[in-house]
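Report on the structure
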Amino acid sequence: MNLEHLNPEQQEAVRHLDGPLLILAGAGSGKTATMTHRIAYLIENGVSPYAILAVTFTNKAAGEMRERVEKLVGHCPGMWILTFHAMSLRILRKYAETVGYDKNFVIYDTVDQKTLIKNIMKEQNVDAKLFPQAYLSAVISKQKEADIDPEAYLEINGGEFKNKIIYNVYSAYQKELKKNNAMDFDDLLLEGHRLLNSVSSVREKWQNRLDYIHVDEFQDVDPIQYGIIKLLTGKNTHLCVVGDPDQTIYTWRGASVDIILKFNKDF
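Now for a description of the structure that goes with this document. Residue indices begin from 1 for each chain and proceed along its sequence in written order. The model is predicted, so local features are restricted to residues of pLDDT at least 70 and side-chain atom pairs to those at 80 or more, both for listing and for counting; the totals for chains, interfaces and linings are taken over all residues. The side-chain values count all of the structure's non-hydrogen atoms but skip hydrogen atoms and water molecules.

Digging into the overall build of the protein chain
Each helix corresponds to a stretch of at least 4 residues labelled H or I by DSSP, and each strand to a stretch of at least 2 residues labelled E; elements are numbered beginning at the N terminus. Within the protein chain one finds 13 helices and seven strands. C-alpha atoms define the radius of gyration, and 2.2 Å times the number of residues to the power 0.38 defines the globule rule. In terms of C-alpha radius of gyration, the protein chain reaches 20 Å, essentially the compact-globule figure of 18 Å for 267 residues. Taking the principal axes of the C-alpha coordinates as reference, the protein chain spans close to 65 × 40 × 30 Å. Between two residues, a contact is recorded if the distance between any of their heavy atoms is within 4.5 Å. Nonlocal contacts in the protein chain, meaning residues at least 24 apart in sequence, comprise 75% of its contacts between residues at least 6 apart. Taken as a whole, the protein chain presents about 13300 Å² of accessible surface, with 49% of it coming from carbon and sulfur. By the counting rule applied here, Lys and Arg register as positive and Asp and Glu as negative, while His and the ends of each chain are not counted. A single reference atom marks each charge: NZ on Lys, CZ on Arg, CG on Asp, CD on Glu. Computing the positive centroid from 31 side-chain charges and the negative centroid from 35, the protein chain places the two 4 Å apart. Note on areas: Shrake-Rupley, 1.4 Å probe, and residue coverage restricted to the protein chains presented here.

See below:
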């Protein structure tokens, strides 16, 4: 592969195939181009697309990355370039029963969530002026991002009126999801992490399959997402992450810039 159009630092990152790799660079400096060339370089050097995973944050970004890789090396069946949620969904579809769901579980989108929470509020006579549905949805999502279930929420925050209302809605919401064999988007990550963390045979299977893992926009991962990546990274897995601590945009939904800053310690 001709890498002459890449600068020396990009070429070094593309050719670094053994061990962990942290690529730090500012906006517009070609971070994603470096990652796509690295993936193509791996394939050109005999690595099976089946053993490569690349994770990003939007379906659009994942689609564009796959397109750029395949322009360099052709069609790559079996290679996973997808979002965190899509990756977790694919794994859960195979092992849903292990975490208490039927394999044909459904995904609740934001409209489904809104409807369910409104129904629960009505059943529990929750004052929508004091506790708007959007507020309750946001609080529940924030708890899930921190891996805090309803019981833990109540224990942490106490049983004051406001917290009790949130607990009641959150608890009923989770029970209805389970009753309907459904997960919301936050559950996809939580249950994916739980599966990989608690079932060694599943974890080891994916660790053995994935030789090279790539994470784009690494500054925006949250602790659950990072936990999934760490669980997928086996002793023979080569992890490459790309990001810029100054470009963090998802702190409002749990992203922690500390994760990218401590990468060298963890790996």
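Some details on the environment of K118
Structurally, K118 is set in helix 5 (residues 110-123). For the exposure calls, accessible area comes from a 1.4 Å probe over protein chains only, and a residue counts as buried if that area is under 20% of its type's maximum, exposed if over 50%, partly exposed in between. A relative accessible area of 45% places K118 in the partly exposed class. Between the alpha carbons of K118 and Y226 there is a distance of 32 Å; along the sequence they are 108 residues apart.

Quick look at the pattern of salt bridges
Any carboxyl oxygen of Asp or Glu within 4 Å of a side-chain nitrogen of Lys or Arg constitutes a salt bridge here. What the rule picks out here adds up to six salt bridges. Between E70 and R66 there is a salt bridge, with the nearest N and O atoms lying 3.1 Å from each other. Taken together, the residues E70 and R66, both in helix 3 (residues 59-73) and four residues apart, mark about one turn of the helix. Relative accessible area serves as the criterion here: at 23%, R66 is assigned to the partly exposed category. Within the structure, one salt-bridge network assembled from shared partners comprises K144, D184 and D187.

Regarding the sheet that holds strand 3 (residues 80-83)
Here, any two strands with at least 2 DSSP bridges between them count as paired. An order of 1-7-6-2-3 is seen for the five strands of this open sheet, with the pairing classed as parallel. A single partner strand is all that each edge strand has here, and the edge strands are strand 1 (21-24) and strand 3. For this sheet the average axis-to-axis angle between neighbouring strands, irrespective of direction, equals 15 degrees. Under this scheme, a helix contributes an axis fitted over its contacting stretch, all axes are lines through C-alpha atoms, and angles between N-to-C directions fall in the 0 to 180 degree range. In the packing of helix 3 onto the sheet, the strands contacted are strand 2 (52-56) and strand 3, and the crossing angle to strand 3 comes to about 160 degrees.

Here we look at the nonpolar core
Judged by nonpolar contacts, the single largest core of 39 residues is most densely connected at L53, F84, M87, V215, F218 and L232. Ranked by residues supplied to this core, first place goes to helix 11 (residues 223-232) with six residues. Residues contacting F218, with those up to four places away along its chain left out, are Y226, V241, V242, G243, I259, I260 and F263. By nonpolar core we mean a set of buried residues, namely Ala, Val, Leu, Ile, Met, Phe, Trp, Tyr and Cys, connected to one another through side-chain atoms within 4.5 Å. In this structure, L17, A51, I52 and Y212 belong to the second largest nonpolar core, which totals 25 residues.

Some words on the pairing of strand 1
In strand 1, alternate side chains face the same way, and those of L21 and I23 are buried while those of L22 and L24 on the opposite face are not. Sheet topology note: the strand 1/strand 7 (residues 238-243) ladder contains four bridges and is parallel. By the bridge assignment for strand 7, L24 is matched with G243.

Things to note about unusual backbone geometry
At N181, a position not held by glycine, the phi torsion is positive, near 50 degrees. Within the secondary structure, N181 sits in the loop between helix 8 (161-179) and strand 5 (182-184). The residue E217 is not glycine, and still its phi comes out positive at about 50 degrees. For E217, a relative accessible area of 25% corresponds to the partly exposed category.

Any functional reading would require information that these geometric values do not contain.
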